[in-house]
Amino acid sequence: PYILYRGISTSRDRVFSGHNGRAVRRVQLDIYAPSWMEARTLFAAVRLTLDEYKGDVSGTSIRGVFIQNDHTPPFELSDPKMHHVIADFMVTYDE
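Source: prediction; values computed, not measured.

Let's shift gears to the sheet that holds strand S4 (residues 60-71). An order of S1-S2-S5-S4-S3 is seen for the 5 strands of this open sheet, with the pairing classed as antiparallel. Whereas interior strands pair on both sides, the edge strands pair on one side only; in this sheet they are strand S1 (2-15) and strand S3 (55-57). For this sheet, the mean inter-axis angle between neighbouring strands, taken without regard to orientation, is 35 degrees. Two strands pair when backbone bridges link them, and S1 and strand S2 (residues 18-33) are joined in this way by 12 bridges, in the antiparallel orientation. Bridge assignment links valine 15 to a residue of S2, and that residue is glycine 18. Sitting on the sheet, helix H1 (residues 36-50) is in contact with S1, S2, S4 and strand S5 (83-94), with an inclination near 10 degrees to S5.

Shown next as structure tokens:
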């Protein structure tokens, strides 16, 4: 099994006086495993670890991580030897 991740987009909060220093990054995780059950189990572990996380990471204050959605694409569209779960998380942090 393996997980790929990529940043999809970042939006920055604005107030009338300008940027307030907070950003929201959409991060997509692609989770692969040899069986559907393994892929869903790995996704469940990732979700339990990341969803609602808050804390400091390498000097960056993470205000919150929240799952936005997840889905399993049709098997024939994925690698035929691997099952695939896609999950999007929103990460709010201070810049």
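Positive phi outside glycine occurs at glutamate 52, with the angle close to 70 degrees. The topology assignment puts glutamate 52 in the loop between H1 and S3. Taking relative accessible area as the criterion, glutamate 52 reaches 57% and is therefore assigned exposed. Positive phi, normally seen in glycine, also occurs at serine 58, with a value near 50 degrees. Relative to the helices and strands, serine 58 resides in the loop between S3 and S4.

Among the nonpolar cores identified, the biggest contains 16 residues, and Phe43, Phe89 and Val91 are the most heavily contacted of them. Elements supplying a minimum of two residues to this core: S2, H1, S4 and S5. Look past the residues within four positions of valine 91 in its chain and what remains in contact with it is Ala23, Val24, Arg25, Val27, Ile62, Gly64 and Val65.

Turning next to the environment of histidine 84. The residue histidine 84 is located in strand S5 in this model. A distance of 3.4 Å separates a polar atom in the side chain of histidine 84 from a polar atom in the side chain of tyrosine 32.

This next bit is on the pairing of S5. Here is the key point about a regular strand: its side chains alternate between the two faces of the sheet. The buried fraction of S5 amounts to 9 of the 12 residues, a majority that puts the element mostly inside the structure. Of the strand pairs in this sheet, S4 and S5 are connected by 8 bridges, and their pairing is antiparallel. Its bridge partner lying in S5, asparagine 69 is registered against aspartate 88.

The rules we used
- Residues numbered from 1 in each chain as written.
- Predicted model: local features only at pLDDT ≥ 70, side-chain atom pairs only at ≥ 80, totals over all residues.
- Heavy atoms only, no water.
- Pairing = 2+ DSSP bridges.
- Helix = DSSP H or I, 4+ residues; strand = E, 2+ residues; numbered from the N terminus.
- Axes fitted to C-alpha atoms, helices over the stretch in contact; angles between N-to-C directions.
- Contact = heavy atoms within 4.5 Å.
- Buried < 20%, exposed > 50% of the residue type's maximum accessible area, 1.4 Å probe, protein only.
- Core = buried A, V, L, I, M, F, W, Y, C linked by side-chain atoms within 4.5 Å.
- Polar contact = N/O pair within 3.5 Å; in protein donor to acceptor, adjacent residues only side chain to side chain.

Nothing here speaks to function; it is geometry throughout.
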